[in-house]
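The chain contents come next:
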Amino acid sequence: MTLSGKRAVVTGGGRGIGAAVARALAGEGAAVAVTARSRDEIEGVAEGLRARGRPAHAIVCDVTDPDSVAAMAARACELLGSVDILVNNAGVARSAPFLRVTVEQWEEVHRVNATGPLLVTQAFLPGMLERGWGRIVNVASVASLRGARYITAYAASKHALLGITRCLADELAGTGVTVNSVCPGYVDTPMTDENIERIAAKTGRDAEDVRGGLEEMQPGGRLITPEEVAHAVMTFIPEAASSLQGAELVVRGGGAR
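Note that the coordinates shown come from a computational prediction; the quantities given were computed from them, not determined experimentally.

1. Some words on unusual backbone geometry
Line of reasoning, step 1. You will see that Tyr-150, though not glycine, has its phi angle at about 75°, which is positive.
Line of reasoning, step 2. Summarising the element assignment, Tyr-150 is placed in the loop between β5 (134-139) and α5 (152-172).

Structure representation (structure tokens):
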């Protein structure tokens, strides 16, 4: 694959999956803008890419805020010229028994995981349609495909993201722009570490025991790496992937959905 001349934006690009995706895109020649709320994290990722001789930029953005998204999109187009590839990766995870799910938790998770991708995609899609080429990849979750205990708000938001992907895919048929989803299981990221710490604090269990329990839940007996998710994202990017539309690629180390 060569992405020389292509321009990409990765949300949630300061760490974990987003940083791995940014490295993968840059490694194939794309100019990349990474966005997140934390300036220090995205500046670190962009600086690392520039140190490898890759064009990279950091743009602070809160994907839940329409004004922030509009400003980020304008800045990305100013820096890159235009945007051909969008990876909607920004996300949050919260857990609670169903009867303890608060409206605040529900709305926070949906704003980031579903409204965010909606706003960011709306910002960049017109340019892709005008040029007749684009790639949009939404980082969803295995929780987009099935439920589990204690993740009602998270699973519902990721089901919503998958619904957005499928509906938009129907609208984009024949335009040269594709939209697809990657659905990983538990990934070894700082967000997972934070969730492990929250679970340990709530239950009184040792954090390593919590991590071990999550690993045992995975078909391969380990957490997925960010680089493995990035590899799955890259599956949808090449010219040869133009017929992949509205698909979801599950990354969980084996087993049925």
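2. A closer look at the environment of Gly-44
Line of reasoning, step 1. Among the secondary structure elements, Gly-44 is positioned in helix α2 (residues 39-51).
Line of reasoning, step 2. A relative accessible area of 45% means that Gly-44 is categorised as partly exposed.

3. A short note on the side chain of Ser-68
Line of reasoning, step 1. When you line up the elements, Ser-68 lands in helix α3 (residues 66-80).
Line of reasoning, step 2. Every residue in contact with Ser-68, bar those within four places of it in the chain, is listed here: Cys-61 and Asp-62.

4. Structural notes on the side chain of Asn-113
Line of reasoning, step 1. Within the secondary structure, Asn-113 sits in helix α4 (residues 103-131).
Line of reasoning, step 2. Under the relative-accessibility criterion, Asn-113 is labelled buried at 0%.
Line of reasoning, step 3. A polar contact of 3.0 Å, which involves the side chain of Asn-113, links it to the side chain of Ser-157.
Line of reasoning, step 4. With residues near it in sequence (within four places) discarded, Asn-113 still touches Ala-90, Gly-91, Val-92, Tyr-154, Ser-157, Lys-158 and Leu-161.

5. Here we look at the pairing of strand β3 (residues 56-60)
The two faces of the sheet receive side chains in turn, since in a regular strand these alternate between them.
Line of reasoning, step 1. Pairing of strand β2 (residues 31-36) with β3, which is carried by five bridges, proceeds in the parallel orientation. Its bridge partner lying in β3, Thr-35 is registered against Ile-59.
Line of reasoning, step 2. Once you follow β2 into α2 and on to β3, the crossover reads as right-handed.

6. Observations concerning α5
One turn of the α-helix equals 3.6 residues, which is why residues spaced by three or four share an orientation.
Line of reasoning, step 1. Spanning 21 residues, α5 covers 30 Å between terminal C-alpha atoms, matching the ideal 30 Å at 1.5 Å per step.
Line of reasoning, step 2. When we look at burial in α5, the residues that qualify are Ala-153, Tyr-154, Ala-155, Ser-157, Lys-158, Leu-161, Leu-162, Thr-165, Leu-168, Ala-169 and Leu-172.
Line of reasoning, step 3. The elements touched by buried residues of α5 are α4, β5, β6 (177-184) and β7 (248-251).

7. A short note on the nonpolar core
Line of reasoning, step 1. Ranked by size, the top nonpolar core spans 36 residues in total, and within it Val-21, Leu-25, Val-32, Val-34, Ile-85, Val-87 and Val-182 carry the most contacts.
Line of reasoning, step 2. Contributions of two or more residues to this core are made by β1 (7-11), α1 (16-27), β2, α2, β3, β4 (85-88), β5 and α8 (226-235).
Line of reasoning, step 3. Ranked by the residues each element gives to this core, the list is headed by α1, at seven residues.
Line of reasoning, step 4. Beyond its immediate sequence surroundings of up to four residues, Val-182 is in contact with Val-137, Asn-138, Val-139, Ala-140, Ser-141, Val-229, Ala-232, Val-233, Phe-236, Leu-249 and Val-251.
Line of reasoning, step 5. Within the second largest apolar cluster, 25 residues are counted, among which are Ala-33, Ile-59, Val-69 and Val-83.

8. Considering the pattern of salt bridges
Line of reasoning, step 1. Applying the stated criterion to the full structure yields eight salt bridges.
Line of reasoning, step 2. Among the salt bridges present, the one from Glu-108 reaches Arg-94, with a minimum N-O distance of 2.9 Å. Here Arg-94 lies in the loop between β4 and α4 and Glu-108 lies in helix α4, a separation of 14 residues in the sequence.
Line of reasoning, step 3. The exposure class assigned to Arg-94 is partly exposed, which follows from its relative accessible area of 24%.
Line of reasoning, step 4. Here the residues in one salt-bridge network are Arg-7, Asp-84 and Arg-131, joined through shared partners.

9. Some details on the environment of Ser-181
Line of reasoning, step 1. Within the element layout of this structure, Ser-181 appears in strand β6.
Line of reasoning, step 2. Separated by 120 residues in sequence, Ser-181 and Cys-61 have C-alpha atoms that sit 22 Å apart.
Line of reasoning, step 3. Here Ser-181 is in contact with Asn-138, Ala-140, Leu-162, Thr-165, Phe-236, Ala-247, Glu-248 and Leu-249, once residues within four sequence places are set aside.
Line of reasoning, step 4. In terms of polar contacts, Ser-181 uses its side chain to reach the side chain of Thr-165, at 2.8 Å.

Scoring rules and cut-offs
- Residues numbered from 1 in each chain as written.
- Predicted model: local features only at pLDDT ≥ 70, side-chain atom pairs only at ≥ 80, totals over all residues.
- Heavy atoms only, no water.
- Helix = DSSP H or I, 4+ residues; strand = E, 2+ residues; numbered from the N terminus.
- Buried < 20%, exposed > 50% of the residue type's maximum accessible area, 1.4 Å probe, protein only.
- Contact = heavy atoms within 4.5 Å.
- Polar contact = N/O pair within 3.5 Å; in protein donor to acceptor, adjacent residues only side chain to side chain.
- Pairing = 2+ DSSP bridges.
- Right-handed = clockwise from strand over helix to strand, strands pointing away.
- Expected span 1.5 Å × (residues − 1).
- Core = buried A, V, L, I, M, F, W, Y, C linked by side-chain atoms within 4.5 Å.
- Salt bridge = Lys/Arg side-chain N within 4 Å of Asp/Glu carboxyl O.

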